[in-house]
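Spelled out, the chains give:
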Amino acid sequence: MITGIQIKNQVENVLPTKVSLWQRELAGAVREPAELLRLLGLEGTVSTNPFRLLVPHSYIARMKHGDWHDPLLRQVLPLDEELRVVEGFNHDPVGDQFAQVADGVLHKYHGRVLLVTTGACAVHCRYCFRRHFPYTESNPVRGEWEGALAYIRANADVREVILSGGDPLTLSDERLAVLFRQLRDIPHVTRVRFHSRLPVVLPSRIDSGFLSLLEQVPQQKVMVIHANHAQELAAGDVRTALAALHGAGVTLLNQAVLLRGVNDNADVLVELSESLFAQRVLPYYLHLLDRVAGAAHFEVPEAEAARLMGKIRQRLPGFLVPKLVREVAGERAKMPVSG
Ligand SMILES: *Cc1c(COP(=O)(O)O)cnc(C)c1O
Ligand code: SF4
């Protein structure tokens with residue numbers, strides 16, 4: 001039997017430069033809709049869309065063959081419906097472009113700043129509010145984050161730094177090491193939080209190199225992963241990645257988005273919470289969709305969301321019930337939605 005680690009070593013031995021397995025997997029991710037359909041045994045045409053398809057093979061492997069309605073496929077497949085103009089859906093629904101206090105730093109909420117470490121993700125989620133952001137490909141934080149770090153150093157009430165993006169775990173270990181080293185020297189920063197979908201969509205990212213990097217982070221470590229359906233977690237490599245993070249002392253939380261045709265029913269939401277906790281992850285937020293242009297067909301109205309919460313609350317222990325929230329531009333926190 002050949003393990004992932006052995007494959008990695010073999011690959012590295014024959015290559016002049018050091019490229020990790022996860023970087024190869026990301027480079028080999030599917031970008032052509034026709035290829036995705038072929039892999040899933042589906043026939044049909046796919047919408048051409050300026051927001052490109054991007055999905056790693058590991059995630060495709062968890063999709064059901066021959067099913068257009070697969071909840072994972074729906075999250076990544078470009079549809080013509082996205083091109084429809086719908087009133088109330090715009091390009092910056094959460095007001096992020098106004099919350100930048102320094103290059104790549106969003107300071108909207110007390111005590112914590114969000115660092116836009118990169119514009120890159122390992123998957124393109126069709127409902128993402130970042131789909132129209134100008135920084136989708138390039139690195140928005142130039143140089144070695146001097147401006148961002150200077151801001152954090154100068155603001156002693158910043159206790160928590162949230163590494164976000166894009167997805168911070170698409171950065172190489174070398175880039176992350178630079179960031180961690182600088183954060184370590186800021187005494188008022190007591191927590192480092194990651195917002196990453198990679199443990200779910202590209203679990204090979206949680207490799208020995210990354211785990212040893214984490215050992216160099218003396219602060220408390222939190223990782224907020226992003227899974228919307230239990231089927232996303234039903235894979236051995238995801239289980240291994242989450243167990244390794246837990247073993248490295250990382251507090252694991254999940255944020256999900258309530259999505260029409262993906263998880264808009266009580267059974268699916270209950271199963272998601274149960275599966276998360278079975279892998280040591282606590283449900284944190286269930287977000288109402290940000291009203292971003294192109295995503296209207298995913299929206300679940302607030303009243304229906306509140307009814308769903310009522311149902312799952314009757315079936316789950318309190319600690320497995322996520323908080324239903326909506327992001328409102330200009331507010332000082334994610335706004336609770338009562339249900
Ligand atoms: C969501 C968000 C946070 C984190 O909010 P929490 O409620 O602490 O999870 C921080 N900064 C920005 C800009 C955000 O959008
Ligand atoms: S930022 Fe998160 S939700 Fe948006 S495309 Fe990237 S992984 Fe998906």
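As the structure is a prediction and not an experimental result, all values here were calculated from the model.

Analysis parameters
All residue numbers refer to position in the chain's written sequence, counted from 1. As a convention, the first chain written is A and the first ligand written is 1, with the rest following in written order. With the structure being a predicted model, the display of local features is reserved for residues of pLDDT at least 70 and the display and counting of side-chain atom pairs for 80 or more, all residues being used for whole-chain, interface and lining totals. Side-chain numbers here rest on the full set of heavy atoms in the structure, without hydrogens or water. Helix numbers and strand numbers start at the N terminus; a helix is a DSSP run of H or I with at least 4 residues, a strand a run of E with at least 2. Any residue under 20% of the maximum accessible area for its type is buried, any over 50% is exposed, and the rest in between are partly exposed; the area is computed with a 1.4 Å probe on protein chains only. Pairs of residues are marked as contacts when any of their non-hydrogen atoms sit within 4.5 Å. We get accessible surface area from the Shrake-Rupley algorithm with a probe of 1.4 Å; when it comes to residues, only the shown protein chains can shield them. What qualifies as a polar contact is a pair of N or O atoms within 3.5 Å, subject to a donor-acceptor requirement within protein and to the restriction that residues adjacent in sequence count only when both atoms come from side chains. Nearness here has a simple test: a residue counts as near a molecule or strand if at least one of its heavy atoms is within 4 Å of that partner. Polarity classes work like this: nonpolar for Ala, Val, Leu, Ile, Met, Phe, Trp, Tyr, Cys and Pro, charged for Asp, Glu, Lys and Arg, and polar for all others, with Gly in that last group. Paired strands are those between which DSSP finds at least two bridges. In this analysis an axis means a line fitted to C-alpha atoms, helices contributing only their contacting stretch, and an angle means the value between N-to-C directions, from 0 to 180 degrees. We define a nonpolar core as any set of buried Ala, Val, Leu, Ile, Met, Phe, Trp, Tyr and Cys residues linked to one another through side-chain atoms lying within 4.5 Å. Each domain's limits were defined by an automated method or a database of domain assignments. Residues enter patches when their relative accessible area tops 30% and they take part in no salt bridge; the joining distance is 9 Å for like charges and 5 Å for the nonpolar side chains Val, Leu, Ile, Met, Phe, Trp and Tyr. Here a salt bridge means any side-chain nitrogen of Lys or Arg lying within 4 Å of a carboxyl oxygen belonging to Asp or Glu. One fewer than the residue count of a helix, multiplied by 1.5 Å, yields its expected span.

Section: the overall build of the chain
If you tally the helices and strands in the chain, you get 12 helices and 10 strands. In terms of principal-axis extent, the alpha carbons of the chain reach across some 50 × 50 × 40 Å. For the chain, the proportion of its 339 residues judged to be buried stands at 54%. Within the chain, residue pairs in contact and separated by at least 24 positions form 79% of the contacts whose partners lie at least 6 positions apart. For the chain, the exposed surface amounts to about 15200 Å²; the carbon and sulfur share of it is 54%.

Describing the side chain of Glu160
By the secondary structure assignment, Glu160 is in strand β4 (residues 160-164). Of note is the side chain of Glu160, whose polar atom sits 2.5 Å from the side chain of Arg193. Residue contacts for Glu160: discarding those within four places in its chain leaves Gly111, Arg112, Val113, Arg191 and Arg193.

Overview of the site of ligand 1
All residues in the neighbourhood of ligand 1 are listed as Leu106, Lys108, Tyr109, Arg112, Leu114, Ile162, Arg193, Tyr284, Tyr285, Glu327 and Lys334. Here an oxygen atom of ligand 1 sits 2.6 Å away from a polar atom, N or O, in the side chain of Tyr284. Between ligand 1 and Tyr285, the relevant distance is 2.6 Å, taken from an oxygen atom to a side-chain nitrogen or oxygen of the residue. The element contributing the most residues to the shell around ligand 1 is strand β2 (residues 105-109), with three residues. Residue composition of the shell around ligand 1, by class: six nonpolar, no polar and five charged.

Structural notes on the sheet that holds strand β3 (residues 112-116)
Read across the open sheet, the 10 strands follow the order β1-β2-β3-β4-β5-β6-β7-β8-β9-β10; overall the sheet is mixed. What marks the edges here is a single partner per strand, and that holds for β1 (100-102) and β10 (335-336). Pairing between strand β8 (residues 282-287) and strand β9 (residues 323-326): three bridges, direction parallel. Each bridged residue has a counterpart across the sheet, and for Leu286 the counterpart in β9 is Leu324. Packed on one face of the sheet, helix α11 (residues 266-278) meets β6 (220-226), β7 (250-257) and β8 and runs near 145 degrees to β8.

With respect to the site of ligand 2
Around ligand 2, the neighbouring residues are Cys121, Val123, Cys125, Cys128, Arg130, Arg197 and His226. Across the shell around ligand 2, the residue classes tally to four nonpolar, one polar and two charged.

A look at the nonpolar core
Counting residues in hydrophobic clusters, the biggest one holds 93 residues, and the most contacted among them are Leu36 and Met63. Counting the residues that make up this core, at least three belong to each of domain 1 (4-83) and domain 2 (97-336). Other than its neighbours up to four places away in sequence, Met63 contacts Leu36, Leu40, Val55, Asp70, Leu72, Leu73, Val76 and Gln231. Within the second largest apolar cluster, six residues are counted, among which are Leu253, Tyr284, Tyr285 and Val325.

Here's the deal with a nonpolar patch on the surface
Taken together, the side chains of Phe277, Leu282 and Phe319 make up a nonpolar region of the molecular surface, amounting to roughly 270 Å² of accessible area. The topology assignment puts Phe319 in the loop between α12 (302-313) and β9.

As for unusual backbone geometry
Backbone torsion omega between Gly165 and Gly166 reads 15 degrees, so that peptide bond is classified as cis. Tracing the chain through its elements places Gly166 in the loop between β4 and α7 (173-184). Of note in this structure, Arg280 is not a glycine but carries a positive phi near 70 degrees. Residue placement: Arg280 occurs in the loop between α11 and β8.

Side note on α11
Relative to the 18 Å expected for 13 residues at 1.5 Å per residue, α11 spans 18 Å between its end C-alpha atoms, a close match to the ideal helical length. Within α11 the residues assigned to the buried category are Ala266, Val268, Leu269, Val270, Leu272, Ser273, Ser275 and Leu276. Structurally, α11 contributes buried residues whose contacts are with β6, β7, β8 and α12. The N-cap residue of α11 is Asn265: its side-chain oxygen and the backbone nitrogen of Asp267 are 2.9 Å apart. Immediately beyond the C-terminal end of α11, within one or two residues, lies Arg280, with a positive phi of roughly 70 degrees.

Some thoughts on the domain arrangement of the chain
Partitioning the chain into structural domains gives domain 1 (4-83) and domain 2 (97-336). In this structure, domain 1 and domain 2 have C-alpha centres spaced 21 Å apart. Every contact between the two is made by 30 residues of domain 1 and, on the other side, 36 residues of domain 2. Scanning the region where domain 1 abuts domain 2 turns up one salt bridge. It is helix α5 (residues 71-76) that contributes the most residues to the side of domain 1 that touches domain 2, five residues altogether.

Describing the pairing of β2
Summarising burial for β2: five of the five residues are buried, a large majority. Both β1 and β2 contribute to a ladder of two bridges, which runs antiparallel. Within β2, the residue paired with Gln100 across the bridge is Leu106. Taking the residues that link successive antiparallel strands as the turn, the β1-β2 hairpin has two residues, and the phi of Gly104 there is positive, at about 75 degrees. The pairing of β2 with β3 spans three bridges and is classified as antiparallel. When the bridges of β3 are listed, Tyr109 appears paired with Arg112. Hairpin connection of β2 to β3: two residues between the antiparallel strands, including Gly111 at a positive phi of 80 degrees.

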